[in-house]
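Residue-level listing of the chains:
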Amino acid sequence: MYNVLLFCDPGIDDSLAIMYALLNPKVNVVGIVSSYGNVPQQQAIQNVAYLLQLAGREDIPIIAGARSPLSGEIAIFYPEIHGEEGLGPIRPPDTVQREVVNFDEIFKIINYYAHNIFIVDVGRSTSLAIAFLLGGEEQLRKVRGIYCMGGAFLVPGNVTSLAEANFHGDAIAANLILDKGRNVYITPLNVTNYAIIKPENIDQITSQPFNSFSHLIKPIFEYYNDAYKKLDPSLSGSPLHDVFTLFALVNPQQVRYVNREASVSINFDNTKGVSIADFRPRSTEETTEATDFIAISFNYQAFLEDFIQIMTSKR
């Protein structure tokens, strides 16, 4: 069982990742830190509360994360991809109300599950960076591993020609995580762009009401898929970047990594948010505490089968 503290900014892809985590018997979600990113922070919190209510998991604490980047820049949102409320055509009922706990709950959770907890960050890195700044490295050393969706190594970006959206959205925070974090596993666009789910897969998943999320999956996926078709008409489906990051955590044998020290450009020019690592051929590769693990390939068939199996779970 993987105890997971999830940092997110739902968002359609994040929402599917939350569903995947809650339905997965290998995952124990011990808290969700909800921040700005795809939508404003308050809307992201509302979306998390709605999904937890549907699942009957109000026992999972929602922690209020950051509202804007460390740089002080104005946050940019993406309604054309995720919809105004972040769930495509779905609007969470106004009746959904949940207590939101203070940020220091992060450290209580880490201490409770010390050395047996993973952080999965599939949004902007701001909240996780703040946790490093407030808790210090001694707190985050109690985490077994950090899985971050972000970056684009040797491939084009998606929010600019060079940079991926999460690292670009708060480059200072993302660079801090890669610098201070230990056992950091990065799932960049190199692999997540190929974590494609097709409409026929969604039809299979929603062919009957398997669980409390079944009625949501098709309408939000169709909204997301239509947006991706406009971006790249050649795609046969849509990449689920955030779901893949959780898949990588619980299926380590299906993902191949290279060991490199990675960083993120914090320049406020056209290189902002660019992910950097040395990919020159080497005769030897030394792994140190500062080494990051960058995903470069994976077993697509295993990903597809796992996603369908989990999302049709009756858990």
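Residues numbered from 1 in each chain as written. Predicted model: local features only at pLDDT ≥ 70, side-chain atom pairs only at ≥ 80, totals over all residues. Heavy atoms only, no water.

1. Here we look at the state of the cysteines
Moving on, step 1. For the structure on display, the rule yields 0 disulfides.
Moving on, step 2. Counting only cysteine sulfurs, Cys148 is the nearest neighbor of Cys8, a cysteine outside any disulfide, at a range of 13 Å.
Moving on, step 3. Taking relative accessible area as the criterion, Cys148 reaches 3% and is therefore assigned buried. (Disulfide = S-S within 2.5 Å. Buried < 20%, exposed > 50% of the residue type's maximum accessible area, 1.4 Å probe, protein only.)

2. Remarks on the environment of Asn28
Moving on, step 1. One can find Asn28 in strand β2 (residues 27-34).
Moving on, step 2. C-alpha separation for the pair Asn28 and Asp232, spaced 204 residues apart in sequence, amounts to 35 Å.
Moving on, step 3. The contact partners of Asn28, leaving out residues within four places of it in the chain, are Met1, Tyr2, Asn3, Val4 and Tyr113.
Moving on, step 4. A polar atom in the side chain of Asn28 sits 2.9 Å from the side chain of Asn3. (Helix = DSSP H or I, 4+ residues; strand = E, 2+ residues; numbered from the N terminus. Contact = heavy atoms within 4.5 Å. Polar contact = N/O pair within 3.5 Å; in protein donor to acceptor, adjacent residues only side chain to side chain.)

3. Some details on the side chain of Glu164
Moving on, step 1. Within the element layout of this structure, Glu164 appears in the loop between β6 (145-149) and α6 (165-169).
Moving on, step 2. Look at Glu164: it is buried, it has no salt bridge, and the nearest opposite charge is Arg124 at 5.8 Å.
Moving on, step 3. Here Phe167 takes part through its backbone nitrogen, which lies 2.9 Å from a polar atom of the side chain of Glu164.
Moving on, step 4. Excluding its chain neighbours within four sequence positions, the residues that come into contact with Glu164 are Met149, Gly150, Gly151, Ala152, Gly157, Asn158, Val159 and Leu189. (Lys, Arg positive; Asp, Glu negative; His and termini not counted. Salt bridge = Lys/Arg side-chain N within 4 Å of Asp/Glu carboxyl O.)

4. Some remarks on the sheet that holds strand β1 (residues 2-8)
Moving on, step 1. Read from one edge of the open sheet, 9 strands run β4-β3-β2-β1-β5-β6-β7-β13-β10, paired in mixed fashion. Looking at the sheet topology across the chains shown, the edges are occupied by β4 (100-101) and β10 (255-260).
Moving on, step 2. Where strand β7 (residues 184-187) and strand β13 (residues 292-298) come together, 2 bridges link them in parallel fashion. Within the sheet, the bridge partner assigned to Ile186 lies in β13 and is Ile294.
Moving on, step 3. Most of the contacts of helix α1 (residues 12-23) go to β2, to which it runs at about 150°, and overall it touches β1 and β2. (Pairing = 2+ DSSP bridges. Axes fitted to C-alpha atoms, helices over the stretch in contact; angles between N-to-C directions.)

5. Re the pairing of strand β5 (residues 118-121)
Moving on, step 1. Burial along β5 is two-sided: Phe118 and Val120 facing one way and Ile119 and Asp121 facing the other are all buried.
Moving on, step 2. Sheet topology note: the β1/β5 ladder contains 4 bridges and is parallel. By the bridge assignment, Phe7 is partnered in β5 with Asp121.
Moving on, step 3. Two elements, β5 and β6, share 4 bridges in a ladder whose sense is parallel. Note that in β6 the partner of Val120 across the bridge is Tyr147.
Moving on, step 4. Crossover β5 to β6 through helix α5 (residues 126-140) is right-handed. (Right-handed = clockwise from strand over helix to strand, strands pointing away.)

6. Describing the packing of aromatic side chains
Moving on, step 1. Counted under the stated rule, the structure contains 16 aromatic pairs.
Moving on, step 2. Their ring planes at 40° and their centres at 5.9 Å tell us that Phe244 and Phe247 sit as a pair that is tilted. Of the two residues, Phe244 and Phe247 both sit in helix α11 (residues 241-250), 3 residues apart, roughly one turn of that helix. One exposure class covers both Phe244 and Phe247, and it is buried.
Moving on, step 3. Ring centres of Phe244 and Phe298 lie 4.7 Å apart, and the angle between their planes is 65°; on these two criteria the pair is classed as edge-to-face. One end of the pair, Phe244, is in helix α11; the other, Phe298, is in strand β13, with 54 residues separating them in the sequence. Of the two residues examined, Phe244 and Phe298, each falls in the buried class.
Moving on, step 4. The structure contains a cluster of three or more aromatic residues connected by ring pairs, namely Tyr2, Phe118, Tyr147, Tyr185, Tyr257 and Phe293. (Phe/Tyr/Trp six-rings, centres within 6.5 Å; stacked < 30°, edge-to-face > 60°.)

7. Observations regarding α11
Moving on, step 1. In terms of burial, α11 is largely enclosed, as 10 of its 10 residues are buried.
Moving on, step 2. Among the residues making up α11, those that are buried are His241, Asp242, Val243, Phe244, Thr245, Leu246, Phe247, Ala248, Leu249 and Val250.

8. Digging into α5
Moving on, step 1. For α5, with 15 residues, the first-to-last C-alpha span of 15 Å runs short of the 21 Å given by 1.5 Å per residue.
Moving on, step 2. Residues of α5 that are buried: Thr126, Ser127, Leu128, Ala129, Ala131, Phe132, Gly135, Gly136, Gln139 and Leu140.
Moving on, step 3. Summarising the contacts, the buried residues of α5 are in contact with β1, β2, α4 (105-112), β5, β6 and α7 (171-180). (Expected span 1.5 Å × (residues − 1).)

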